[in-house]
Amino acid sequence: MKKKISVSTMISILILVVVLTVAITMGSSVGIYNKLIENLPDRTGMYKQVANIDELVRKKYYKPIDGRLLSEGLSAGYVSGLEDPSSFYLSAEDYIIYKNRLDGKVAGTGLTCKYNKEKNVLSIIGVAENSSAANAGLKLGDEIIKVGEDEVNEKNSSNLIKKLYGEKLTSVDVTYKRDGKTISVNLVMGFSLNTVNVRMIGDIAYIHINAFYGNTRDQLDETLKNIKKQKATAIILDLRNTSEGNIENAASALDLIVPVGSSGTKAIAIAKDRDGKVIKTFPSDAEQITLPILCLVSQTTKGPAELFACDLKEFGKAELIGETTAGVGTMQDVFSFSDGSAVVLSVANIYPLSGISYDKTGLNPDYPIPLTEKQRENLGLMKDSEDPHIVKALEILSKGE
């Protein structure tokens, strides 16, 4: 039986439908509007303050203003206001250098050096095979006293190390000491930036990774093949003072050592944005290294190096020796602008195999051994017998623990 609806009832229903439609539309619009003007009062106040400072400087500053430098300083200051050391602004010139370095495309002499404060020299702690430095006969432990016409001192040491890298086929004069003799050589740039150095301590391979750049995986792969030929029985992997590079390169290098990651995703790490959404997955394959590994870490083991060390431990591939690490468990992305400048910005938190973040907390070593300030300063320069972390690693391996 059909019931008839009165005209007044019908009108009431139509009015209700219209009201509900308007309400829903307005609610949606308010949500969109709120997103568009997120933190509007804060942003308005910030822009006003910048405008006030700009007006003051242009009226009162006693020198002519360089608009380009002012703009770069303003951009750098904005990003530094995040108080995140992993986020920073790069000028167009600096961005080119940064990108080439991150991609592992910087040419060099094949030397890895560190300033030795006690001797006032650049101590050579790594010489890449087949590089111009290796071909010229330079060895670990040699002490560089002059680069070009500049004698090494504490103030210029960083700049002189940079001079050991440059455009391909350019060259640099290097003067060094060995066994009381002074030797001068001319080294040609042409070798890819070296991030992996290796030496044998008896039948144990000591591998130092100083950064995770675009060429690190290939260099580590070659190193692992070479130590296999040399019948290495174990690996001491040094990640102390290692912080440069990015998460993607670290995960790629890590894949050479660890097996398949989490079931389903095969992830050895994932990146989640501020809303908890997975924006990047880092997988691995089944190939792995079966040699015993001990990993050395310090307070300056940071960022991509922490992921590397963390997953080695969580896969059961290595135990950690040293100090609690820096606790930087974030991923950065690079955003470039039309003028050639760029901003490196932390965009996500990194979660290793366990899914437990090490951001802000760092990694606690299995064998905690604190370093003195002097020991920390001389990492890479001490003899093995003077380095407490290497001493402990050799002790563990000798006992077969």
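This report concerns the structure included in the present document. From a predicted model like this one, the values you see are computed outputs, not experimental measurements. Within each chain, residue numbers correspond to sequence positions counted from 1 in written order. In keeping with the model being predicted, local features are shown solely for residues with a pLDDT of at least 70 and side-chain atom pairs are shown and tallied solely at 80 or more, while totals for entire chains, interfaces and linings include all residues. Hydrogens and water molecules were not included; the side-chain quantities draw on all heavy atoms of the structure.

A few points about the sheet that holds strand β2 (residues 107–108)
And step 1. Read across the open sheet, the 3 strands follow the order β7-β2-β10; overall the sheet is antiparallel. Every other strand in the sheet has two partners, leaving β7 (165–166) and β10 (191–192) as the edge strands with one partner each.
And step 2. Paired strands, in this sense, are two strands between which DSSP finds at least two bridges. Each helix is a run of H or I in the DSSP string that is no shorter than four residues. Each strand is a run of E no shorter than two, and both are numbered from the N terminus. Examined bridge by bridge, β2 and β7 share 2 bridges and lie antiparallel to one another. Residue pairing in the sheet places A107 in a bridge with G166 of β7.

Let's talk about the sheet that holds strand β20 (residues 367–368)
And step 1. Strand order in the open sheet formed by 6 strands is β11-β12-β13-β16-β17-β20, with mixed pairing between adjacent strands. Taken across any chain shown, the strands that pair with only one partner, and hence form the sheet edges, are β11 (196–201) and β20.
And step 2. Sheet contacts for helix α9 (residues 304–314): β12 (204–209), β13 (234–238), β16 (293–297) and β17 (318–322); angle to β17, the most-contacted strand, approximately 130°. Any two residues whose heavy atoms approach within 4.5 Å at even a single point are treated as in contact. The angle between two axes is taken between their N-to-C directions and runs from 0 to 180 degrees, where each axis is a line fitted to C-alpha atoms and a helix contributes only its stretch in contact.

Some points on the pattern of salt bridges
Two side chains of opposite charge can pair, provided their charged atoms sit close to one another.
And step 1. A side-chain nitrogen of Lys or Arg and a carboxyl oxygen of Asp or Glu constitute a salt bridge if their distance falls within 4 Å. For the structure on display, the rule yields 20 salt bridges.
And step 2. In this structure, D54 engages R58 in a salt bridge whose closest nitrogen and oxygen atoms are separated by 2.9 Å. One end of the pair is D54 and the other is R58, both in helix α2 (residues 40–60) and 4 residues apart, which spans about a single turn.
And step 3. According to the relative accessible area criterion, D54 is partly exposed, its value standing at 30%.
And step 4. To sort residues, take the accessible area from a 1.4 Å probe on protein chains only and compare it with the maximum for the residue type: under 20% means buried, over 50% means exposed, and anything in between is partly exposed. Accessibility expressed as a relative area gives 53% for R58, which makes it exposed.
And step 5. Residues E72 and R68 are paired through a salt bridge, measuring 3.1 Å at the closest nitrogen-oxygen approach. Taken together, the residues span about one helical turn, with E72 and R68 both in helix α3 (residues 67–80) at a distance of 4 residues.
And step 6. For R68, a relative accessible area of 47% translates into the label partly exposed.
And step 7. A single salt-bridge network, built from bridges that share partners, covers D238, R240 and D387.

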